[in-house]
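# Observations on the model geometry
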Amino acid sequence: MPDHKSKVLDQGAVDTALHVDRPGPMPGAAPVTDSVTQILSAGPVGSKLNIAVLGDGFAAADQDAYNLKVQQLLIDGVFGHDYFYEDNQAFNIFRVNLISNASGVSTRVYDEHGTHDNPKDDTIVSTTMKDTALKYIFSGSWAHCWLEGTADTAALVQAALNKWVPDYDLVVILLNDPRYGGCGGGGFQVVPLGIGWEVLAHEFGHGTGGLADEYCTSNVYSGGEPGAVNVTINTNRNTLKWRNFVNPSTPIPTGTGQCSGYTAGAKPAGWSDSQDVGLFEGGGANGRGMYRPVINCRMNGNSPEFCPICYTTLKNKMHPYTGRTFLKCYAGDFNGDGKSDLLMHNGNSIMICRSNGAQLDVVFSAVERVPGSWQFKPNDRFYIGDFNGDGKDEVAVFNGSDWGMEYLGLLADDGKNGLKLIARYDNTMPNWDFKKDDQFFVADFNGDGKKDLIVFNGTNWSMPYLGMLQCSGTGFSLVRRYDGNFAGWQMTAGDKFYVGDFDGDGKQDLYVFNGDNWSIPYLAMHRSTGNAYTMVKRYDANLAGWNMTKGDKFYPGDFNGDGKTDLYVFNGENWSIAYLAMMASNGAAVSMTRRYDGNAPGWQMRKNDQHYVAEISGDNKADLFVYNATDWGKEYLGTMISDGANLACAWKEDWVGEWNLGSVDRFIPCNFEGAAGKRDLFVHNQNWFGMIKATPTLTLQKLYYKYIHNYRYGRNW
């Protein structure tokens, strides 16, 4: 951590505000003594950037107004929009309530003698002092950085920081004065009430990204190459700092002259002044001689989003603080448009990225908790399904290890592209006590169009238990519990459950397999009656022309399109060659449709083949994605397309477009295109995320590194 005691207030940078937001009600009683409250909790102070917010000129009666303004500017403003919203997991925010004896800050009036940008000839007309916690004086004079401190101010600020937020990295000081203005530098921002959140976001660009101003004055720059990434004197396209973001068709320079716009011909159709990159004269508070990357970035006009250069710099610098990876990803259609979106979980945060059919865009970012309240933890387990029948996927989430008790929650659409908690069960629900090793399976077992949960625990009790948790759309209730025995099946810890409607009646049934706990393997078919299960068939050791062994892997899917869930069965471990079987269900039993010994047409099977059920060809028949990263010198990703009785296979070797297949890759069948079937894949590992289409052949649609963002041109690697 930096030596915070060496920091001093630097009032060298000046910004003007754009508008004043309108506050809403703020709950809670105002504090009557100095105090600190953490209002954004992303993680331990040593692993995050810590923002301290202090107030000056707020008397005891003003504390509610102060709290509201901090919420409005920081949480709803800066961290409620674009870049800082996405990366809120990198920051802790501490609100310090300092009680001033007087309401409002001290003020000073200057006679500027007609030269508002030159302080040398200014004289003080009057000073009105007030007894405030930090003794700031607001003047509203641009030449004097809008405000100034007294001889005591720096020591008072440092003392408050040392006491309340000793591990601070950035400081915001809010003055109780209604006017516009602000002064900052060295990680400090001092602002009155009249500024908008955009001004703070601009200043955080300085403090967190080391970004330079991109606005102009009458100054003409004549120095060397500036160190900041977003300003330059270089006009050579081939050596330009941000050349990878410049479209080859964009002229360089793109704009010349005093504080230039687009002067190199006509501006192209669809051009974005904040996101299309070129080279424009004027920047770093200079009108000529220095260049900026876009016409108007947040580092220029405050209101636009950060340009690609500034955004990428912030993302790269904050990435170690967010701690985010692509390891925990889930697919779900969270807005009901027929396209699979992405939910990412990292530690105490989640993000939702919306698919438009060709790319993903961040639409929701929540750190620590969502309203309701569910507090995210590293060992949360997510289960995606339409639990309320509204055509949009909800999220059931379970945590059995990060707290002193177990929790089950149901998160639903909050109407703003995000999620809120609508039901939570703490440790228990009627007739079911949660335990850390509970396993959950999403299944609409009563056929009402709302997904339910099956919960199984074979480990934490003296006997195994299975429960049917019916969802009403707003919560869960236990409709049936099986203790030890499950409809003619003696449960053991090694039971494996597979969901599917094997009789086609609209209620999802269960296949149950155990190859570990008995002298022979067993497979059972359990039909759902809506509130219970009955066994319709049990297979002992042999399954319709298939000799079961402990290494059998089952993949339920309707491969013949008759509305009944069949089984793919694979074994690559227990025999001299690998086997894959297609077992068709007639509602009461399964029968062998086809068995592949060693090879399927177009695919040479090996022991470490991994299979994923999909629906690639759009004909309502369940197909397979297949992947092997172990048994060959190169990795292979393939498709196995069912015609109802046979499989036809195709594959890609080592690369799918720019995606280099590897042993760490994980795959999620999905439908990000919104076309018929489930013919796409999300592929992900720690730092990379890809969108792969299977039709007409395996093709990489989009590739992301470290984070989800779509550049107008170029990318972040």
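Predicted, not measured: the structure shown is a model, and the values here were computed from it. Sequence order as written defines residue numbering, which begins from 1 separately in each chain. Owing to the predicted nature of the model, reporting of local features is limited to residues with pLDDT of at least 70; listing and counting of side-chain atom pairs is limited to 80 or more, with chain, interface and lining totals taken over all residues. Only heavy atoms go into the side-chain values, all of them from the structure, while hydrogens and water stay out.

### Quick look at the packing of aromatic side chains
Inclusion rule: By convention, a stacked pair of Phe, Tyr or Trp rings (six-membered ring in the case of Trp) has centres within 6.5 Å and planes under 30 degrees apart, an edge-to-face pair has planes over 60 apart, and any other such pair is tilted. A run of H or I in DSSP becomes a helix once it reaches four residues, and a run of E becomes a strand once it reaches two; helices and strands are each numbered from the N terminus. Accessible area is worked out with a 1.4 Å probe on protein chains only. A residue is then buried under 20% of its type maximum, exposed over 50%, and partly exposed in between.
What the rule picks out here adds up to 49 aromatic pairs. A centroid spacing of 6.3 Å and a plane angle of 55° characterise the contact between Phe-486 and Phe-497, whose relative ring orientation is tilted. Note that Phe-486 is positioned in the loop between strand 29 (476-483) and strand 30 (496-500) and Phe-497 in strand 30, a separation of 11 residues in sequence. Both rings, one in Phe-502 and one in Tyr-511, keep their centres 5.4 Å apart while their planes meet at 50°; by these two values the pair is tilted. Looking at Phe-502, the relative accessible area reads 0%, which means it is buried.

### Describing the environment of Arg-95
The condition that has to hold: By the convention used here, residues are in contact when the closest approach between their heavy atoms is within 4.5 Å. In protein, a polar contact means a hydrogen-donor-capable atom and an acceptor-capable atom, both N or O and within 3.5 Å, with residues adjacent in sequence counting only if both atoms are side-chain atoms; elsewhere, any N or O pair within 3.5 Å suffices.
With respect to the helices and strands, Arg-95 occurs in strand 4 (residues 91-97). On the basis of relative accessible area, Arg-95 is assigned to the buried category, the value being 10%. When the C-alpha positions of Arg-95 and Ile-51 are compared, they lie 8.5 Å apart, and in sequence the two are 44 residues distant. Beyond its immediate sequence surroundings of up to four residues, Arg-95 is in contact with Ser-35, Val-36, Thr-37, Ile-39, Val-53, Tyr-66, Asn-67 and Val-70. Separated by 3.0 Å, the side chains of Arg-95 and Asn-97 make a polar contact.

### So, the nonpolar core
Note the threshold: We define the nonpolar core as a collection of buried residues of types Ala, Val, Leu, Ile, Met, Phe, Trp, Tyr and Cys that are connected through side-chain atoms lying within 4.5 Å of one another. Segment limits for the domains were obtained from an automatic or database-derived domain assignment.
In terms of nonpolar packing, the biggest core is built from 51 residues, with Ile-51, Phe-79, Phe-91, Leu-200, Phe-204 and Phe-306 touching the most fellow members. Put simply, the parts of the chain that give this core at least two residues each are strand 3 (49-56), helix 1 (63-75), helix 2 (82-86), strand 4, strand 9 (170-175), helix 4 (197-209) and helix 6 (308-322). For this core, the two domains that each supply at least three residues are domain 1 (35-208) and domain 2 (237-320). With near-sequence residues (within four places) excluded, Phe-91 lies in contact with Leu-40, Ala-42, Lys-48, Leu-49, Ile-51, Phe-79, Phe-84, Thr-208 and Met-318.

### Considerations on the pattern of salt bridges
Once their charged atoms are close, side chains differing in charge can pair, the charge on each being opposite to the other. Convention followed: For this analysis, a salt bridge means a side-chain nitrogen from Lys or Arg found within 4 Å of a carboxyl oxygen belonging to Asp or Glu.
Under the defined criterion, the tally for this structure stands at 26 salt bridges. Residue Arg-369 pairs with Glu-368 through a salt bridge whose shortest N-O separation is 3.1 Å. Of the charged contacts, one joins Lys-621 and Asp-619 as a salt bridge, the two residues approaching to 3.8 Å between their closest N and O atoms. On the basis of relative accessible area, Lys-621 is assigned to the buried category, the value being 19%.

### A few points about helix 1
This is how it is decided: A helix is expected to reach a length of 1.5 Å times the quantity of its residues less one.
For helix 1, spanning 13 residues, the distance from its first C-alpha to its last is 17 Å, which sits close to the expected 18 Å at 1.5 Å a residue. Of all 13 residues that make up helix 1, 10 are buried, and the element is covered over most of its length. All of the buried residues along helix 1 are Gln-63, Tyr-66, Asn-67, Leu-68, Lys-69, Val-70, Gln-72, Leu-73, Leu-74 and Ile-75. In this structure, the buried residues of helix 1 make contact with strand 2 (35-40), strand 3, strand 4, strand 9 and helix 4.

### Details of the sheet that holds strand 14 (residues 329-332)
What counts is decided by this rule: Strand pairing is defined by DSSP finding a minimum of two bridges between the two strands. Note on definitions: angles span 0 to 180 degrees between N-to-C directions of axes, and those axes are lines fitted to C-alpha atoms, for helices only across the stretch in contact.
On the basis of which strands lie adjacent, the open sheet formed by four strands has the order 14-15-16-17 and antiparallel pairing. The open sheet is flanked by strand 14 and strand 17 (360-367), the only strands paired with a single partner. Across the sheet, the mean angle from the axis of one strand to that of its neighbour is 20°, orientation sign disregarded. With seven bridges connecting them, strand 16 (residues 349-355) and strand 17 associate as antiparallel partners.

### Thoughts on helix 6
So the rule is basically this: Bend is the name given here to the angle between axes fitted to two runs of seven residues, the run ending at a residue and the run starting at it.
The first and last C-alpha atoms of helix 6 sit 19 Å apart over 15 residues, in line with the 21 Å expected at 1.5 Å per residue. Along its length, helix 6 shows its largest kink, about 30°, at Asn-316, and proline Pro-320 lies within four residues downstream of that point. The buried fraction of helix 6 is high, at 11 of 15 residues. All buried positions along helix 6 are accounted for by Pro-308, Ile-309, Cys-310, Tyr-311, Thr-312, Thr-313, Leu-314, Lys-315, Met-318, His-319 and Thr-322. On its buried face, helix 6 sits against strand 3, helix 2, strand 4, helix 4 and helix 5 (298-301). Remark: Gly-323 follows helix 6 within two positions and exhibits a positive phi of approximately 70°.

### So, the state of the cysteines
Worth spelling out the cut-off: In what follows, a disulfide is any cysteine sulfur pair within 2.5 Å.
Counted according to the given criterion, the structure contains one disulfide. No disulfide involves Cys-353; its nearest neighbouring cysteine sulfur is the one of Cys-329, lying 8.7 Å away. Judged by relative accessible area, which is 0%, Cys-353 ranks as buried.

### Notes on the domain arrangement of the chain
Note the following rule: Summed over both partners, buried area is the accessible surface (1.4 Å probe) that two parts give up on being assembled. Lys, Arg, Asp and Glu make up the charged group, whereas Ala, Val, Leu, Ile, Met, Phe, Trp, Tyr, Cys and Pro make up the nonpolar group; the residues left over, Gly among them, are polar.
Considered domain by domain, the chain is made up of domain 1 (35-208) and domain 2 (237-320). At the boundary of domain 1 with domain 2, total buried surface from both sides reaches about 1,300 Å², with 62% on carbon and sulfur atoms. Broken down residue by residue, the surface that domain 1 buries against domain 2 is led by Asp-82, Tyr-83 and His-202, which jointly contribute 41%. Linking domain 1 with domain 2 are three salt bridges. Among the ionic pairs, Lys-315 bridges to Asp-87, the shortest N-O distance being 2.9 Å. Remark: the boundary between domain 1 and domain 2 carries seven residue pairs in polar contact (both at pLDDT 80 or more). Counting only elements with at least two residues in the side of domain 1 that touches domain 2, the list comes to helix 2 and helix 4. Here the side of domain 1 that touches domain 2 gets eight residues from one element, more than from any other, and that element is helix 4. Residue composition of the side of domain 1 that touches domain 2, grouped by class: eight nonpolar, four polar and four charged.

### Focus: the pairing of strand 20 (residues 381-385)
Of all five residues that make up strand 20, four are buried, and the element is covered over most of its length. Relative to strand 21 (residues 394-399), strand 20 is paired through five bridges, and the arrangement is antiparallel. Bridged to Phe-382 within strand 21 is Val-397.

### Topic: unusual backbone geometry
A cis geometry characterises the amide bond from Ile-252 onward to Pro-253, with omega recorded as -5°. Mapping Pro-253 onto the fold places it in the loop between helix 4 and strand 12 (280-283). The omega torsion of the bond from Thr-695 to Pro-696 falls at 5°, within 30 degrees of zero and hence cis. The topology assignment puts Pro-696 in the loop between strand 48 (688-693) and strand 49 (699-705). One non-glycine residue, Cys-259, lies in the positive phi region at around 45°. Structurally, Cys-259 is set in the loop between helix 4 and strand 12. According to the relative accessible area criterion, Cys-259 is partly exposed, its value standing at 32%. Its identity as a non-glycine residue notwithstanding, Asn-302 has a phi of 70°, on the positive side.

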